[in-house]
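# Chains, contacts and geometry: an overview
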Amino acid sequence: MKIAVLSRNPKLYSTRRLVEAAEVRGHEVRVLDVLRCYMNITSHNPSIHYKGEELKGFDIVIPRIGASVTFYGTAVLRQFEMMNVFPLNESVAISRSRDKLRSTQLLARKGIGLPVTGFANNPDDIEDLLAEVGGAPLVIKLLEGTQGIGVVLAETQKAAESVIQAFMGLKANIMVQEFIKEAGGSDIRCFVIGDKVVAAMKRQGAEGEFRSNLHRGGTATLVRLTPEERSTAIRAARIVGLNVCGVDLLRSNHGPVVMEVNSSPGLQGIEAASKKDIAGLIIDFAEQRLKTITDSKDKSSTRTRGKG
Ligand code: ADP
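To keep things clear, this report deals only with the structure shown in the data block. (Residues numbered from 1 in each chain as written. Predicted model: local features only at pLDDT ≥ 70, side-chain atom pairs only at ≥ 80, totals over all residues. Heavy atoms only, no water.)

Pairing between the strands of a sheet comes from backbone hydrogen bonds, and it takes one of two forms, parallel or antiparallel. Read across the sheet, 4 strands follow the order β2-β1-β6-β7 without closing on themselves; strand pairing throughout is parallel. Lying at the two open borders of the sheet, with one neighbouring strand each, are β2 (28-32) and β7 (86-87). Strand direction decides the pairing type here: strand β6 (residues 60-63) and β7, joined by 2 bridges, are parallel. Bridged to V61 within β7 is P87. The strands that helix α2 (residues 70-82) touches are β1 (2-6), β2, β6 and β7; relative to β1, the one it contacts most, it runs at about 160°. (Pairing = 2+ DSSP bridges. Helix = DSSP H or I, 4+ residues; strand = E, 2+ residues; numbered from the N terminus. Contact = heavy atoms within 4.5 Å. Axes fitted to C-alpha atoms, helices over the stretch in contact; angles between N-to-C directions.)

Listed below in C-alpha cells is the structure:
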C-alpha cells in the first residue's frame, strides 16, 4: 500500500511509530505537512499538490491533524476523499469530534452516559443555567480547547459566574458541566480501533490537579475495563464516526460518562502503559479495511460487467 500520513512534524512519537509500523509491513509511506498541501478543487480531476509536486497513487491517508489546524487539515483530507483515497478517519468525523458541544449532543441523542452539561449564549441566562446543571462545583470548558487548556473547575457559584462572564466577554464559546468529583482527578483513555478497545489506561492528574491530561503532568497506568465501560467506548466511537480514536471516560457514581472522543490520540502514553504495538494494530486495521473496500469494488464491477 502507499500510505500518506498527514502530520506537521515527522519527529513526533506517534508519527514516527506509524511510519515504522507501515515500513515493517512493507508499505510505502510518506509524511506530509498538511499545511503545505494545496489543492485544485474541480469536479472531474481533483488534485493535491505538495511543494510543487502533484500527489498521486495513495491508497490510504492517515490524518494526524492537530486541533490548531482543524479547518485547513480537514479540507485537505476531504480532497483526498474526493480522490478516492481511503481515510483512516473521515474528515466529517474529525470535525464532529473537534466540537465538544456537537459531539456531546450526538452522544446524548444515542443515550451514552455523559456528565450533566449546559450551554448558553446570554450572560442573563447564566444563573438559571447553573441551577439547571446542579450548581457549583462545576467544570467550565472552552468548546474548542485541548490538552486540558480551557478547562476550569469553579468551586463556588460566585467563581463559576465570574469565569463564565469573563469567557463570554471574550466571545468564547463555553459549556458548563457537572463536576465528577468521585473520579478523583483521574480518567480512563480507551484506545479504539474499529469495533474494539485495543488498550486502556488510567490517567491520574498531578497532586492537587483535577485534570488528568498527560500534557498537564498526569501519569498513566494500565487499567481493566468493565464490560459497560468497554461497550460505552465502542459505541461512542461509532456514533462520532471514528475508526481510530481515544475515548475518555470518567468513572462516576452513575456509571461511566464520556468526556471526549479524540480523533488523533497520542500513541506514546498508551504504548508505554499497555506494552502493545498500537501503531502496528492501526496499520493492520487499515490493510483490512482497504482490502474490504477493494474486494467490494471488484465485486460490483464484475456485476456491472456481467449485466452489460
Ligand atoms: P481536553 O480536551 O482539553 O483534554 P477534557 O474535557 O478532556 O479537555 O478535560 C480535561 C481533563 O479535565 C479530563 O481529562 C478530566 O480529568 C478533567 N475533567 C473534565 N471534565 C470533567 C468533569 N466534568 N468532572 C471531573 N473532571 C473533569
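Interhelical geometry of helix α4 (residues 100-109) versus helix α7 (residues 227-240) gives an angle of 115° and a closest axis separation of 10 Å. As α4 packs across α7, the resulting crossing turns out to be right-handed. Along its contact with α4, which presents S103, L106 and L107, the element α7 presents A236, I239 and V240. When grouped by side-chain class, the residues that make up the contact of α4 with α7 number 5 nonpolar, 1 polar and no charged. (Left-handed = near helix turned anticlockwise from the far one by under 90°. Nonpolar A, V, L, I, M, F, W, Y, C, P; charged D, E, K, R; others polar.)

Attention now goes to the pattern of salt bridges. This model, assessed by the stated rule, comprises 14 salt bridges. The residue E53 makes a salt bridge to R30 at a minimum N-O spacing of 2.9 Å. Of this pair, E53 sits in strand β5 (residues 53-55) while R30 sits in strand β2, and the two are 23 residues apart along the sequence. Residue E53 is classed as partly exposed on the basis of its relative accessible area of 34%. Note that D295 and K291 form a salt bridge whose closest N and O atoms lie 3.1 Å from each other. Taken together, the residues D295 and K291, both in helix α9 (residues 278-307) and 4 residues apart, mark about one turn of the helix. For D295, a relative accessible area of 35% translates into the label partly exposed. Relative accessible area serves as the criterion here: at 52%, K291 is assigned to the exposed category. Connected via shared salt-bridge partners are R17, E20, R25, E271, D277 and D284. (Salt bridge = Lys/Arg side-chain N within 4 Å of Asp/Glu carboxyl O. Buried < 20%, exposed > 50% of the residue type's maximum accessible area, 1.4 Å probe, protein only.)

Read from one edge to the other, the open sheet built from 4 strands follows the order β8-β11-β9-β10, with strand pairing classed as antiparallel. Taken across any chain shown, the strands that pair with only one partner, and hence form the sheet edges, are β8 (117-119) and β10 (151-154). Strand-to-strand twist across the sheet, computed as the mean angle between neighbouring axes with direction ignored, equals 25°. For β8 and strand β11 (residues 174-178), the ladder comprises 3 bridges, and the chain directions are antiparallel. The partner of G118 across the bridge, within β11, is V176. Of the strands in this sheet, β8, β9 (138-142), β10 and β11 touch α4, which is tilted by about 45° from β11.

Next up on the list: the packing of aromatic side chains. Under the counting rule described, the total for this entry stands at 2 aromatic pairs. Judged by centre distance (6.4 Å) and plane angle (80°), the rings of F58 and F80 are edge-to-face. Placement of the pair is F58 in the loop between β5 and β6 and F80 in helix α2, with a sequence separation of 22 residues. Across the pair, exposure class does not vary: F58 and F80 are buried alike. Between F179 and F210 the ring centres are 6.0 Å apart and the planes differ by 80°, which places this aromatic pair in the edge-to-face class. Here the residue F179 occupies a position in the loop between β11 and β12 (186-193), and F210 occupies one in the loop between β13 (196-204) and β14 (219-222), the gap between them amounting to 31 residues. Overall, F210 belongs to the partly exposed group, its relative accessible area being 24%. Taking NZ or CZ as reference, K2 lies 4.7 Å from the ring centre of F58, over its face. (Phe/Tyr/Trp six-rings, centres within 6.5 Å; stacked < 30°, edge-to-face > 60°. Lys NZ or Arg CZ within 6 Å of the ring centre and 35° of its normal.)

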